[in-house]
Amino acid sequence: MVNLKSAIPAMVLSFIIYIVYTGSIGPYDILTGAIVAVIIGLLTGAIVVKDPGKTFDPRRLYWLIKYTIWYFLVAEVKAHVDVIKRALSPRMPLNPAIVRVPYYVETDYAMTTIANSITNTPGTVVVDIDYDRKVFYVHWIDAKTSDPGEARKMISLEFEEHAGKIFD
Amino acid sequence: MRASELFVLVSIIVFIFSLAYITSLGGLGQLPPVNVRLLAQRYLELTWNPLKPFMSSSGYESVTAIVWDFRGLDTFFETAVFYGAIIAAIAIYRGVKISGKGRTTGMSPIARTITRLSTILIPTVAASIALHGHLTPGGGFQAGSVATVIVVLIIMVFGRKALIRKGMTKARILLFRSLGLLGIGFTAVAILLAGTALGLNAYVFQNQPKPFAPLGFPKLYDGMILGGSLLLFNLFEFIAVTAGFTLVLLLLSLGEEEVRGVVEK
């Protein structure tokens with residue numbers, strides 16, 4: 001059950017979370033954090049990490065940081081502004097529908113990143129997923145198209161490009 | 001506003017103020033006497049007081065110091081009651097087979113992926129709460145309650161059978177619960193046992209050295225605040241509470257059809 005190669009990334013993640021949550025880096029925190037990280041890493045590594053070779057790839061890390069900054073500062077703000085406009089407009093410009101949005105990434109982490117990115121931006125929510133056909137069902141506040149390919153371009157293409165580079 | 005509404009409003013205000021006035025005069029029973037507040041001052045003063053080493057506890061956190069040091073025996077019995085309740089739950093479910101065999105459907109792949117990641121996040125945060133119980137608010141029980149969240153998530157998202165297939169069997173959880181309880185009991189008498197072995201005076205639930213009882217748990221090491229017995233109590237309570245809650249959740253997640261055969265006997 002215990003896979004040492006998979007355990008190491010899990011240990012690193014656990015240690016970082018321990019220190020960030022604790023909010024201090026005294027010797028006591030580092031010591032206990034290391035012990036906790038080793039135990040939790042060994043227990044969860046096989047569940048969390050399938051391909052340990054990918055985890056410390058600097059290119060993937062670069063795309064992760066770039067995507068995080070872009071997502072929270074650009075994509076989120078744009079979506080918020082759009083929904084605020086709709087909410088404040090007296091005409092209530094709503095055109096809601098549930099549309100099919102296909103995705104073409106391979107790993108579960110990439111797929112989950114796209115799904116949560118769609119859901120976390122106001123105006124679009126992933127309501128269901130067809131895992132075998134690789135399709136999200138997305139509730140869209142202003143459904144501009146019902147064509148799956150077009151909808152993918154408008155909703156999730158940028159998320160998908162980044163998620164693929166980070167996780168696939 | 002109509003006159004009747006105004007009447008209701010004024011009545012409520014008059015009622016609240018008269019109740020407050022009567023309470024402050026002691027009309028609804030005696031107010032807490034001043035010496036009770038003195039007790040609180042003593043707790044705050046003695047939780048961490050290098051000037052009074054024989055009277056003070058071994059961490060910064062007053063609540064933990066009260067719970068596991070100043071009033072440790074109370075907490076010990078409270079813990080015993082909690083585990084009595086869990087033993088009762090196990091007794092009710094005796095004879096019920098909890099197997100991991102069979103298919104589980106669970107929730108969507110999105111929820112599964114996030115829950116997988118959470119198996120690192122939640123136990124790590126829980127461990128931090130337990131290991132800093134003597135320094136910041138938190139402690140063993142709180143940490144155990146946090147750790148239980150991942151068990152709830154796994155049961156809901158992957159299904160109970162998946163939990164068992166990953167090795168969380170009833171026997172194993174019981175083992176951890178017992179280890180936690182044994183640890184609490186051992187910490188309570190450790191100094192007494194050491195004192196007896198060395199021919200020194202010592203007390204049950206002793207944490208720091210007292211007059212004529214020179215043994216105690218380590219309080220400081222190389223600038224690190226180890227918290228003496230508080231750290232050990234928090235750690236073992238964390239293990240015992242996590243295992244106890246997990247066990248009850250496992251039992252509660254059984255469907256009626258699985259329990260039926262035993263109930264009908």
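Structure's up top.
Parameters at a glance
- Residues numbered from 1 in each chain as written.
- Chains lettered and ligands numbered in written order.
- Predicted model: local features only at pLDDT ≥ 70, side-chain atom pairs only at ≥ 80, totals over all residues.
- Helix = DSSP H or I, 4+ residues; strand = E, 2+ residues; numbered from the N terminus.
- Rg over C-alpha atoms; globule rule 2.2 N^0.38 Å.
- Buried ≥ 20, exposed ≤ 12 C-beta atoms within 10 Å, placed from the backbone.
- Contact = placed C-beta atoms within 7 Å.
- Core = buried A, V, L, I, M, F, W, Y, C linked by C-beta atoms within 7 Å.
- Pairing = 2+ DSSP bridges.
- Axes fitted to C-alpha atoms, helices over the stretch in contact; angles between N-to-C directions.
- Nonpolar A, V, L, I, M, F, W, Y, C, P; charged D, E, K, R; others polar.

> Help me understand the overall build of chain A in this model?
Each helix and strand in chain A was counted, giving six helices and three strands. What you see in chain A, going N to C, is helices and strands ordered as α-α-α-β-α-β-β-α-α. Over its C-alpha trace chain A gives a radius of gyration of 20 Å, far above what one expects of a compact globule, namely 15 Å for 168 residues. Principal axes of the C-alpha set define a box for chain A whose edges measure 60 × 35 × 25 Å. Relative to its full complement of 168 residues, chain A shows a buried share of 32%. In chain A, the share of contacts with a sequence separation of at least 24, taken over all contacts with a separation of at least 6, comes to 71%.

> For this particular structure, what's the right way to read the nonpolar core?
A general feature of soluble globular proteins is that nonpolar side chains tend to end up buried together. Of all hydrophobic cores here, the largest spans 55 residues; its most connected members are Ala-10 of chain A together with Ala-126, Ala-130 and Ala-143 of chain B. With 14 residues, the top contributor of residues to this core is helix H9 (residues 229-252) of chain B. Apart from the residues within four sequence positions on either side, Ala-126 of chain B is in contact with Ala-143, Val-146 and Ala-147 of chain B.

> Quick question: what am I supposed to make of the sheet that holds strand E3 (residues 135-140) of chain A here?
What links the strands of a sheet is backbone hydrogen bonding, and the strands pair in either a parallel or an antiparallel sense. All names here are of chain A. On the basis of which strands lie adjacent, the open sheet formed by three strands has the order E1-E3-E2 and antiparallel pairing. The outermost strands of the open sheet, each flanked by one partner alone, are strand E1 (97-102) and strand E2 (124-130). The sheet shows a mean angle of 30° between the axes of neighbouring strands, direction not considered. Note: E1 against E3, six bridges, orientation antiparallel.

> So what exactly am I meant to see when it comes to the environment of Asp-130 of chain A here?
Mapped onto the elements of the fold, Asp-130 of chain A is located in strand E2. C-alpha separation for the pair Asp-130 of chain A and Tyr-67 of chain A, spaced 63 residues apart in sequence, amounts to 25 Å.

> Which parts of the structure should I look at to understand the interface of chain A and chain B?
As a measure of interface size, the accessible area lost when the parts come together is often cited. Taken together, the 23 residues of chain A in the interface contact 21 residues of chain B. Elements represented by at least two residues in the side of chain A that touches chain B include exactly helix H1 (4-22), helix H2 (27-48) and helix H4 (108-120) of chain A. Across the side of chain A that touches chain B, the residue classes tally to 16 nonpolar, six polar and one charged.

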